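Take a look at the letters that make up each chain.
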Amino acid sequence: MKSLMNKEGREIEVKTSGRLNLSLDEYRKRISDDNYLDHAIRKIASDLSHYLTK
């Protein structure tokens, strides 16, 4: 709660170190894989749930 009083504490940190620079064809291959798509949807849902409950 104390960090919410600071402007920096209210902002969401952007993490860029985990991102890959992939081509459009590589993204298409990943999206066509059902296991990867399920994993991505679960990751997005958990991140969204985490930020909405904060």
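Residues numbered from 1 in each chain as written. Predicted model: local features only at pLDDT ≥ 70, side-chain atom pairs only at ≥ 80, totals over all residues. Heavy atoms only, no water.

Visitor: So what exactly am I meant to see when it comes to the overall build of the chain here?
Guide: Regarding its fold elements, the chain presents 3 helices and 0 strands. Put simply, the chain runs from its N terminus to its C terminus through helices and strands in the order α-α-α. Considering the chain as a whole, with its 54 residues, one finds that 0% of them fall into the buried category. Accessible area of the chain: about 5600 Å², with a carbon and sulfur share of 54%. (Helix = DSSP H or I, 4+ residues; strand = E, 2+ residues; numbered from the N terminus. Buried < 20%, exposed > 50% of the residue type's maximum accessible area, 1.4 Å probe, protein only. Areas by Shrake-Rupley, 256 points an atom, 1.4 Å probe, with all protein chains shown as cover.)

Visitor: How do you make sense of the pattern of salt bridges when you look at a structure like this?
Guide: This structure, assessed with the given rule, holds 2 salt bridges. For Asp25, the salt bridge is made with Arg28, and the minimal N-O distance between the two is 3.7 Å. Taken as a pair, Asp25 and Arg28 lie in helix H2 (residues 24–32) at a separation of 3 residues, close to a single helical turn. A salt bridge links Lys43 to Asp47, with the nearest nitrogen and oxygen atoms 3.5 Å apart. Pair noted here: Lys43 and Asp47 are both in helix H3 (residues 34–53), with a separation of 4 residues, about one helical turn. A relative accessible area of 44% means that Lys43 is categorised as partly exposed. (Salt bridge = Lys/Arg side-chain N within 4 Å of Asp/Glu carboxyl O.)

Visitor: In this structure, what is going on with a nonpolar patch on the surface? I would like to understand it.
Guide: Together, Tyr27, Ile31, Leu37 and Ile41 make up an exposed nonpolar region whose accessible area comes to about 350 Å². When contributions to the nonpolar patch are tallied by element, the ones reaching two or more residues are H2 and H3. Turning to its location among the elements, Ile41 is positioned in helix H3. (Patch = residues over 30% accessible without salt bridge, like charges linked within 9 Å, V, L, I, M, F, W, Y side chains within 5 Å.)

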